Amino acid sequence: METRSSAPPHAGLALFTLILGAFVANINLSIANVALPDIGRDLDATTIQQTMVASMFTMGLASSVLYLGAIGDRYGRRKLLLAGAILTLPAGLASAYAPNIEFLIIARFVAGLAAGLMFPTTLSLVSALWRGAAQTKAIALWSGIGGGAAAVGGVIGGAMLEVFWWGSVFLFALPLAVVVIVLALRVLPAHAGEEDSPVDNIGGVLSVIGVACLIMGIQTLPNGFSATMGVLFGIAAVAIALFFWRQTRAPRPLVDLKAASVPSFWVAAVAGTITFGSLMGALFLGSQFTQNVLGYDALKAALVTLPMSLALMLVSPVAGKVVASRGSRFTLAVGLIIVAVGFIVMVLTWRSTAGVGVVLLAYAIVGAGVGVCATPAAHSLMASLPVSRAGMGSAFTDLTRDFGGAIMQAVMGTVLAIVYANYFEKAFASLPPQEAANLSDEAAAQIVGSYQGAEAVAASYPQASAERLTAAANQAFTEGKSVAYVLALVLTLIALVLVWWKYPRKDDERAFFRTMEDKSLAEEAAAANAAGAA
């Protein structure tokens, strides 16, 4: 049985609009990373606060996409896309002109909410407007170009920092958001496969609270156990437990647990979460490592990530063809193997003496691996559901990227901060009494707090002492980065085993996807008949 293939009117321009919307949402995931060292210096931000600048955006995005995807399914996907593009404008301006680090962190959270309005809607519309082989090709382009924005954002940000101040990186996406608004009004249908069922608002609020508190709790780990940490993890556990309880009883749950239990859905979700989380973690730590330890300026640190974005964008359409010929199981496994090789290269070769060649190579390998995984992960999530639940599918696709990115950034940033701080705490404990007496508590706190703090203290020391302190900071940062990358490697290998063990083989996968397509067509026919009768 041949899979049906269809596309909407003005398909090329419509797909361009949706990819541009995904690009705007995604580029804000990474464009700030290259500016973190400058932000740390100008706003006197600690390592933890710099991590929050990145992760609060992904927290706003990851915590909201499930709820917002359901709202789009009910009230109109184009409306949410427009709302997100409009909210991007004030959020970007607030981030660019933030007077202090606390204001910037809040502004980034709002920008994340704006992306949460846009990003799930783009894939929902792709799934609703395209069918069959045309849908697979559209998702491949959406995954490659829209997803590649996360990698290319650093290059754009680095180039802007050569001319402008750090706040300029938050302004880049604003004119693109205006273009999305104009094109969406002109070429996208006001309605595309939405449903009349009420939204599970209680479940939506619980999902936002659970994810947000979980990410915030992880970010407090470097400070050691505290009452705040306990409260955050406690609220997260209760909210997530109540969310799943609610999904078993809601008339129209945000997550159809029966549908989500299908292996082609949940295995793809887990593999995608680990893959995209590792990508964001690699970019987040890599940008700081190349600037802090290798001494690259912002532009060079961004340019060396270019092979990652190019590989991701070039490989994703090829991955679509591999999915068609070999199935998602094989394609996902190959992608995860490639990602694992990339992390091995990072762990073994990224030292203070690393040449630019190994940096380029590692980034390219990870980008290629993510590019291979992106298409089968997104396609499996969407094809495992009827079009009436496209919001759920797109929300989970976004969660694989955004929740994975938020969690991996927070976890890997936390690992870096803990290892970095422990390195200096042990070094301080072993200092001779005279040297320890000469080190003030304030200077010690600065050194332990961030690499930029160590640089600031070193600047006040004689040259020989400054060089020793800088070398120690380089070693501490390198060790923290390596431990974080080993964690990402282990999780990638776990995902590989899971895919090969649990994901359906090609023929079983295709049979199930045809069943879902037939169900979607039946739903559309029923809706058309009901509209005609009315």
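Before reading further, recall that the structure is shown in the block above.
These numbers come from a predicted model, not from an experiment. (Residues numbered from 1 in each chain as written. Predicted model: local features only at pLDDT ≥ 70, side-chain atom pairs only at ≥ 80, totals over all residues. Heavy atoms only, no water.)

Peer 1: For the overall build of the protein chain, give the residues involved together with the corresponding values.
Peer 2: Counting its secondary structure elements, the protein chain contains 21 helices and 0 strands. Look at the contacts in the protein chain between residues 6 or more apart in sequence, and 85% of them connect residues 24 or more apart. A total accessible area of about 20,100 Å² is found for the protein chain, and carbon and sulfur atoms account for 68% of it. (Helix = DSSP H or I, 4+ residues; strand = E, 2+ residues; numbered from the N terminus. Contact = heavy atoms within 4.5 Å. Areas by Shrake-Rupley, 256 points an atom, 1.4 Å probe, with all protein chains shown as cover.)

Peer 1: An account of the packing of helix H3 (residues 47-75) against helix H5 (residues 101-129) is requested, with residue identities and associated values reported.
Peer 2: Two packed helices can be described by the angle between their axes and the distance between those axes. Contact pair H3 / H5: the axes reach a minimum separation of 7 Å and the direction vectors enclose 30 degrees. Overall, the two elements H3 and H5 adopt an arrangement that is roughly parallel. At the point where H3 passes H5, the crossing takes the right-handed sense. For the contact of H3 with H5, the class distribution of residues is 19 nonpolar, 5 polar and 2 charged. (Axes fitted to C-alpha atoms, helices over the stretch in contact; angles between N-to-C directions. Parallel < 35°, antiparallel > 145°, perpendicular 65-115°, else oblique. Left-handed = near helix turned anticlockwise from the far one by under 90°. Nonpolar A, V, L, I, M, F, W, Y, C, P; charged D, E, K, R; others polar.)

Peer 1: Outline the packing of aromatic side chains, supporting the account with residue identities and numerical values.
Peer 2: On inspection of all chains with the given rule, the structure shows 8 aromatic pairs. Taking the centre distance of 5.5 Å and the plane angle of 75 degrees together, the rings of Phe243 and Phe244 count as edge-to-face. The class for Phe243 is buried, based on a relative accessible area of 6%. On the basis of relative accessible area, Phe244 is assigned to the partly exposed category, the value being 43%. Summarising the aromatic geometry, the rings of Phe512 and Phe513 are spaced 6.3 Å apart at their centres and angled 50 degrees between planes, so their arrangement reads as tilted. A residue is classified by how much of its surface remains accessible, and Phe512, at 23% relative accessible area, is partly exposed. Cluster of aromatic residues (ring-pair linked, three or more members): Phe289, Phe343, Trp350, Tyr363 and Tyr485. In this arrangement the basic side chain of Lys481 is found over the ring face of Phe289, its NZ or CZ atom lying 4.8 Å from the centre. Over the aromatic face of Trp501 sits the side chain of Lys502, whose NZ or CZ is 4.6 Å from the ring centroid. (Phe/Tyr/Trp six-rings, centres within 6.5 Å; stacked < 30°, edge-to-face > 60°. Buried < 20%, exposed > 50% of the residue type's maximum accessible area, 1.4 Å probe, protein only. Lys NZ or Arg CZ within 6 Å of the ring centre and 35° of its normal.)

Peer 1: Explain the side chain of Lys481 to me, using residue names and the numbers behind them.
Peer 2: Along the polypeptide, Lys481 turns up in helix H20 (residues 463-502). Side-chain polar atoms of Lys481 contact the backbone oxygen of Trp350, separated by 2.6 Å. With residues up to four places along the chain from it excluded, the contact list for Lys481 reads Leu285, Phe289, Met346, Trp350, Arg351 and Leu416. (Polar contact = N/O pair within 3.5 Å; in protein donor to acceptor, adjacent residues only side chain to side chain.)

Peer 1: Provide a residue-level description of the side chain of Ser95, including the pertinent values.
Peer 2: Assignment of secondary structure puts Ser95 in helix H4 (residues 77-96). Residue Ser95 is classed as buried on the basis of its relative accessible area, which comes to 1%. If sequence neighbours within four positions are ignored, Ser95 has contacts with Leu104, Ala107, Arg108, Trp166 and Phe170.

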